[in-house]
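The chain contents come next:
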Amino acid sequence: MGRAFEFRKARKLKRWGNMARTFTRLGKQISIAVKAGGPDPDTNSTLRAIIATCKHENMPKDNIERAIKNAMGKDTKDYKEMNYEGYGPYGIAIYVETLTDNTTRTVANVRAVFNKLGGTLGTSGSLDFMFTHKCQFTIAEKDGMAIDDLILELIDMGIEEEYDYDEEEKEYTLYGDPKSYAMIQKYLEENGYEVKAAEFTRIPNDLKDLTPEQRETIDKIVERLEDDDDVQNVYTNMKPLDEE
């Protein structure tokens, strides 16, 4: 399986460790989507994709409906996307994505984690060259499906030739240009593919080997960051265990 799949799988396993936090993260995404395009998933493609991801993460229907309803309220919070980049011990790059209604609080919390655990928070954009930003779509396998033909149809929309297949779940994950997200989603839906999850990801371009003891230190930083409700995703260039 591809490197992107290994990182996606690792993050999914971490999310399952704290379902409540996963639902909070997805609830914020729903709020932003509803405010931008309305509460009807039939006419709001972004919301429709997020709902698919919610179902893929086993978020209860009641939670999804409550998040949509709350997003329509007058007193609902306005969330802003903010990214923070820095280095942990042993030269490990750490990229933190957040959705926050209070940037002062969020940057203080993120900086505190870096400082307490031997890291250094850098300037915005300082680690862009170390990660490739991609959109990814997880689709259910269907009878008679020819994945190579599908990729050929989507190649002009920015889909990559490399894909991952989860034999246990019977689903493919496709990766592409983030700017083509809406176009790819539209094609998949209009051609009868079940989109089980759609999101953005960052794949490290260089991987670093660490000893078990060093890994524990980086894992602790990632866990502390992920414990913050404002944090959506944390990416590092630490090599996954499966690749060692």
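Residues numbered from 1 in each chain as written. Predicted model: local features only at pLDDT ≥ 70, side-chain atom pairs only at ≥ 80, totals over all residues. Heavy atoms only, no water.

The next subject is the confidence of the model for the chain. The share of residues in the chain with pLDDT of 70 or more is 91%, and the mean pLDDT across the chain is 90. Confidence over residues 11-17 falls short of pLDDT 50; this stretch has 15 contacts with residues more than four positions distant or in other chains. (pLDDT = per-residue confidence, 0-100. Contact = heavy atoms within 4.5 Å.)

Right, let's talk about the sheet that holds strand β4 (residues 131-140) for a bit. With antiparallel pairing, 4 strands are arranged side by side in an open sheet as β5-β6-β4-β7. Because the sheet does not close on itself, it has two edges, and the strands there are β5 (159-166) and β7 (195-204). Each adjacent strand pair in this sheet contributes to an overall mean axis angle of 25°, direction not counted. The strands touched by helix α3 (residues 45-56) within the sheet are β4, β6 (171-176) and β7, with β7 carrying the most contacts at an inclination of about 90°. (Pairing = 2+ DSSP bridges. Helix = DSSP H or I, 4+ residues; strand = E, 2+ residues; numbered from the N terminus. Axes fitted to C-alpha atoms, helices over the stretch in contact; angles between N-to-C directions.)

This part is about helix α5 (residues 103-116). Between its terminal C-alpha atoms α5 stretches 20 Å, which fits the 20 Å expected from 14 residues at 1.5 Å a residue. Among all positions of α5, only Thr 106, Val 110, Val 113 and Phe 114 are buried. Seen end-on, α5 carries its buried residues on one side only, within an arc spanning 100°. Structural note: α5 exposes Thr 104, Asn 115 and Lys 116 on the side pointing more than 90 degrees away from its buried face. Lining the buried residues of α5 we find β1 (80-87), β2 (93-100), β3 (120-121) and α8 (212-226). For α5, the side-chain oxygen to backbone nitrogen distance between the N-cap and Thr 104 is 3.2 Å, and the N-cap itself is Asn 102. (Expected span 1.5 Å × (residues − 1). Buried < 20%, exposed > 50% of the residue type's maximum accessible area, 1.4 Å probe, protein only. Arc of directions from axis to C-beta. Polar contact = N/O pair within 3.5 Å; in protein donor to acceptor, adjacent residues only side chain to side chain.)

Take Glu 161: it is sitting in strand β5. Taking the C-alpha atoms as reference, Glu 161 lies 9.0 Å from Gly 176; in sequence the two are 15 residues apart.

Right, let's talk about the packing of aromatic side chains for a bit. This structure, assessed with the given rule, holds 5 aromatic pairs. Each ring, one from Tyr 95 and one from Phe 131, has its centre 5.8 Å from the other, and the planes form 65°; the classification is edge-to-face. One end of the pair, Tyr 95, is in strand β2; the other, Phe 131, is in strand β4, and 36 residues separate them in sequence. Each member of the pair, Tyr 95 together with Phe 131, is buried. Here the aromatic rings of Tyr 165 and Tyr 172 are separated by 4.6 Å at their centres, their planes lie at 40°, and the arrangement is tilted. Classification of Tyr 165 by relative accessible area gives partly exposed; the value is 23%. Grouping aromatic residues by their ring pairs yields a cluster made of Phe 137, Tyr 181 and Phe 200. (Phe/Tyr/Trp six-rings, centres within 6.5 Å; stacked < 30°, edge-to-face > 60°.)

Here we come to the pattern of salt bridges. What the rule picks out here adds up to 11 salt bridges. Note that Lys 28 is salt-bridged to Asp 230, the shortest N-O span being 3.1 Å. Residue Lys 28 is located in helix α2 (residues 19-37), and its partner Asp 230 is located in the loop between α8 and β8 (231-236); the two are separated by 202 residues in the primary sequence. Two residues, Asp 230 and Arg 105, come together in a salt bridge whose shortest N-O distance is 2.9 Å. One end of the pair, Asp 230, is in the loop between α8 and β8; the other, Arg 105, is in helix α5, and 125 residues separate them in sequence. When its relative accessible area of 4% is taken as the criterion, Asp 230 is described as buried. Where salt bridges share partners, they join Lys 28, Lys 77, Asp 101, Arg 105 and Asp 230 into one cluster. (Salt bridge = Lys/Arg side-chain N within 4 Å of Asp/Glu carboxyl O.)

With that settled, consider the layout of surface pockets. Looking at the largest pocket, its volume works out to about 560 Å³. Forming the walls of the largest pocket are 21 residues, and the residues nearest its centre are Gln 29, Glu 81, Leu 99, Phe 200 and Gln 232. Elements with a contribution of two residues or more to the lining of the largest pocket: α2, α3, β1, β2, β7 and β8. Here the lining of the largest pocket gets 5 residues from one element, more than from any other, and that element is α2. Across the lining of the largest pocket, the residue classes break down as 9 nonpolar, 7 polar and 5 charged. (1 Å grid on protein atoms, 1.4 Å probe; cavity = no way out; pocket = protein on both sides within 12 Å on 5 of 7 lines; lining within 4 Å. Points joined across faces, edges and corners; volume = space filled by probe spheres on them. Nonpolar A, V, L, I, M, F, W, Y, C, P; charged D, E, K, R; others polar.)

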